Amino acid sequence: MTCSKRTCSEDVSCRDPGRDECGCPSCDGCEFLGQKVANQRTVPDPRDSCADCTCERGTMTCSKRTCSDDVSCRDPGRDECGCPSCDGCEFLGQTVANQKTVPDPRNSCSECTCL
């Protein structure tokens, strides 16, 4: 008897197939930008810090992260993805860093501090 490595079928129905234990393309996982991603797993998109990518039966789907509007501060600023963040304040259309004091354009005798 002679054994040899089986031939893989490259004909799979998914866009980003992973590889099975024999190295054959498989829709039970994904290969994404050189990294293996398990089926139904979500990973950060290395090309966009505001997006995540999910492997679903051999196909990666990337989308912008959904912002949570549930923040505990009164005047949230915006993070690098445009999501509300308590790391800063939004004041009259301008983002102000925590602990920073700015003049109040509505009242020349007042200043406002982001807390």
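What counts and what doesn't
Residues numbered from 1 in each chain as written. Predicted model: local features only at pLDDT ≥ 70, side-chain atom pairs only at ≥ 80, totals over all residues. Heavy atoms only, no water. Helix = DSSP H or I, 4+ residues; strand = E, 2+ residues; numbered from the N terminus. Rg over C-alpha atoms; globule rule 2.2 N^0.38 Å. Buried < 20%, exposed > 50% of the residue type's maximum accessible area, 1.4 Å probe, protein only. Contact = heavy atoms within 4.5 Å. Areas by Shrake-Rupley, 256 points an atom, 1.4 Å probe, with all protein chains shown as cover. Lys, Arg positive; Asp, Glu negative; His and termini not counted. Charge placed at Lys NZ, Arg CZ, Asp CG, Glu CD. Pairing = 2+ DSSP bridges. Axes fitted to C-alpha atoms, helices over the stretch in contact; angles between N-to-C directions.

- As annotated in an unreviewed UniProt entry, the protein carries the name Kielin/chordin-like protein and is attributed to Elysia marginata.

**Things to note about the overall build of the protein**
Here is step 1: What the protein contains, in helices and strands, is zero helices and 11 strands.
Here is step 2: Listing the helices and strands of the protein from first to last along the sequence gives β-β-β-β-β-β-β-β-β-β-β.
Here is step 3: Here the protein has a C-alpha radius of gyration of 24 Å; the compact-globule value for 115 residues is 13 Å, and the former is much larger.
Here is step 4: Principal axes of the C-alpha set define a box for the protein whose edges measure 95 × 20 × 20 Å.
Here is step 5: When burial is assessed residue by residue, the protein has 26% of its 115 residues classed as buried.
Here is step 6: Within the protein, contacts between residues separated by at least 24 positions form 15% of all contacts whose residues are at least 6 apart in sequence.
Here is step 7: When the accessible surface of the protein is totalled, it reaches about 8,400 Å², and 45% of it is carbon and sulfur.
Here is step 8: Computed over 14 positive and 20 negative side-chain charges, the inter-centroid distance for the protein is 3 Å.

**A word on the sheet that holds strand E4 (residues 42-44)**
Here is step 1: Spatial ordering of the open sheet is given by E4-E5-E6, a layout of three strands whose pairing is antiparallel. The open sheet is flanked by E4 and strand E6 (59-64), the only strands paired with a single partner. When the angles between neighbouring strand axes are averaged without regard to direction, this sheet yields 30 degrees.
Here is step 2: Where strand E5 (residues 51-56) and E6 come together, six bridges link them in antiparallel fashion. Residue pairing across strands places Cys55 opposite Met60, the latter belonging to E6.

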